[in-house]
Amino acid sequence: MNMVQLFEKKKQGLELSQAEIQYFVEGYTTGSIPDYQASSLLMAIRLLGMSDDETFYLTKAMIESGDVIDLTSIEGFKIDKHSTGGGVGDKVTLVVTPIIAALGIPVAKFSGKGLGITGGGTIDKLESIQGFKTELSSQEFIDNVNQHKIAVAGQTGNLVPADKKLYALRDVTGTVDSIPLIAASIMSKKIASGADGIVLDVKCGSGAFMKTQEEAQRLADTMTAIGEKLGRKVIAHISDMDNPLGKMIGNKLEVVEAYALLSGRLEETHEDLVDECVVIASLMYQIAAGVNEAEATAAVKGVLADGSAAAKFEEFIVAQGGVVSDIVQNDTAHKVAVTAVSEGTVETINALLVGEASVSLGAGRLTKESKLDYDAGIQLIAKKGDHVTNGDTIAYLYSNQPIDEETINKIQQAYTIA
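Please read all numbers here as calculations on a predicted model, not as lab measurements.

## A look at the sheet that holds strand β11 (residues 393–399)
1) Next: As summarised here, the arrangement of the four strands in space is β6-β9-β11-β7, forming an open sheet in which the pairing is antiparallel. Since the sheet does not close on itself, it has two edges, and those belong to β6 (248–249) and β7 (334–339), each with one partner.
2) Next: Where helix α15 (residues 351–361) meets the sheet, its contacts fall on β6, β9 (377–380) and β11, and the angle it forms with β9 comes to roughly 135°.

Here is the structure:
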């Protein structure tokens with residue numbers, strides 16, 4: 001068996017066997033297969049696709065390339081959630097994990113750092129809190145979940161090493177937007193992370209990898225089938241990401257907004273974020289507790305209303321070394337008001353443009369080596385459906401570096417005022 005045989009087979013539209021896919025994953029992970037050969041196969045997959053069986057074999061081989069986390073010493077049904085990416089202003093994890101923990105369901109979550117227009121990932125957001133520790137030993141992680149029902153940590157060094165190498169290669173070869181490759185990447189990490197149940201938040205729209213409802217549904221179906229074949233309870237929800245979620249975009253800003261929502265200060269957030277968090281948390285509780293949608297939604301709203309979700313969030317922050325009193329919006333060296341250039345109703349806010357502006361402010365990374373400005377970001381004053389007049393402030397930009405006209409103009413262009 002060699003890579004040339006695999007190219008020829010794939011070029012003819014034939015399915016690769018489990019042994020052939022295993023050979024490729026093992027060889028590329030260990031370095032015996034060079035980048036140029038791996039790139040050729042990834043491009044063939046991007047152009048010709050993979051069958052359900054091939055995608056399953058790829059996921060399984062990637063899981064087996066490294067460690068699989070054993071969470072059996074955590075009591076109860078462990079639940080996790082994952083966003084497929086492209087959510088501008090997506091701080092859902094920060095809200096739903098303490099809600100579920102407050103309901104007594106253990107949440108054991110491994111997350112990554114962000115790259116591109118979505119700004120920082122969940123780990124970046126949490127690291128914006130003074131003292132918060134995202135690197136936990138296996139025992140610390142397990143102890144925190146058993147004691148507090150919640151822990152969120154960075155991915156371990158040897159968790160799915162095949163994905164780390166393949167994703168880096170996909171990023172520079174134009175093969176990121178392949179549904180089989182996305183599905184295998186996400187599900188290999190989720191399965192290896194050890195949770196019993198997974199809620200997949202599949203993003204769809206201008207800010208997401210999946211631009212259309214049809215693409216998002218295909219990805220959701222593919223990932224759900226993989227999870228079920230590997231013995232996990234999996235449910236997928238498709239989220240509209242044509243518009244940014246909530247009012248804040250940026251690491252510390254999003255933590256502040258999430259804390260405000262949990263604490264009942266709804267004037268500091270927006271109903272689109274509240275609704276999305278209730279839906280995702282309800283799905284997580286349905287899977288874990290075996291209740292119906294109405295019961296789950298009532299339970300979720302209950303812990304939001306009585307303050308126990310906010311208290312659990314504070315407990316979680318302290319348990320991982322963070323300082324709760326640091327969850328405040330910090331002053332930045334530069335703050336600019338963006339104004340409306342016409343009068344009317346905000347019809348839409350282009351998430352892609354807003355995400356690009358947030359990166360230029362320092363809230364996101366262009367490369368893995370880019371340094372984040374944790375306090376940088378955007379506050380959306382006008383949201384979809386709001387009426388504005390010419391000259392009204394529609395957003396504020398925050399950064400510790402000078403803010404250029406191009407970034408200001410990008411936010412104005414993001415707003416469609418009808």
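## Describing the pattern of salt bridges
1) Next: With the rule as written, the count across this model stands at 20 salt bridges.
2) Next: For the salt bridge of K190 with D80, the shortest nitrogen-to-oxygen distance reads 2.9 Å. Within this pair, whereas K190 is found in helix α9 (residues 179–192), its partner D80 is found in strand β1 (residues 79–83), the two being separated by 110 residues in sequence. The pair formed by K190 and D80 is uniform in burial state, with each residue classed as buried.
3) Next: One salt bridge in this structure joins K312 and E315, with 3.2 Å as the shortest N-O distance. With K312 and E315 both in helix α14 (residues 308–319), this residue pair falls three residues apart, about one helical turn.
4) Next: A network of salt bridges, in which partner residues are shared, links D80, K109 and K190.

## Things to note about the packing of aromatic side chains
1) Next: If you walk through the whole model with that rule in mind, you get six aromatic pairs.
2) Next: When the ring of F110 is compared with that of F141, the centres are 4.3 Å apart and the planes differ by 20°; the resulting orientation is stacked. Here F110 is found in strand β2 (residues 107–111), whereas its partner F141 is found in helix α7 (residues 138–148), with 31 residues between them in sequence. Of the two residues, F110 and F141, neither departs from the other in class, the shared state being buried.
3) Next: Look at F132 and F316: their rings are 5.5 Å apart centre to centre, the planes differ by 70°, and that puts the pair in the edge-to-face class. Linking F132 in the loop between α6 (122–127) and α7 with F316 in helix α14, this pair joins segments that are 184 residues apart in sequence. There is no split in this pair, since F132 and F316 are both buried.
4) Next: Within the aromatic cluster, the residues linked to one another by ring pairs are F132, Y259, F313 and F316.
5) Next: Over the ring of Y259 we find R265, and its NZ or CZ is 5.8 Å from the ring centre.
6) Next: Across the ring face of Y396, the terminal group of K335 is positioned such that the distance to the ring centre comes to 4.5 Å.

Cut-off values and rules
Residues numbered from 1 in each chain as written. Predicted model: local features only at pLDDT ≥ 70, side-chain atom pairs only at ≥ 80, totals over all residues. Heavy atoms only, no water. Pairing = 2+ DSSP bridges. Helix = DSSP H or I, 4+ residues; strand = E, 2+ residues; numbered from the N terminus. Contact = heavy atoms within 4.5 Å. Axes fitted to C-alpha atoms, helices over the stretch in contact; angles between N-to-C directions. Salt bridge = Lys/Arg side-chain N within 4 Å of Asp/Glu carboxyl O. Buried < 20%, exposed > 50% of the residue type's maximum accessible area, 1.4 Å probe, protein only. Phe/Tyr/Trp six-rings, centres within 6.5 Å; stacked < 30°, edge-to-face > 60°. Lys NZ or Arg CZ within 6 Å of the ring centre and 35° of its normal.

Note that every value here comes from positions in space, so none of it alone points to a role or purpose.
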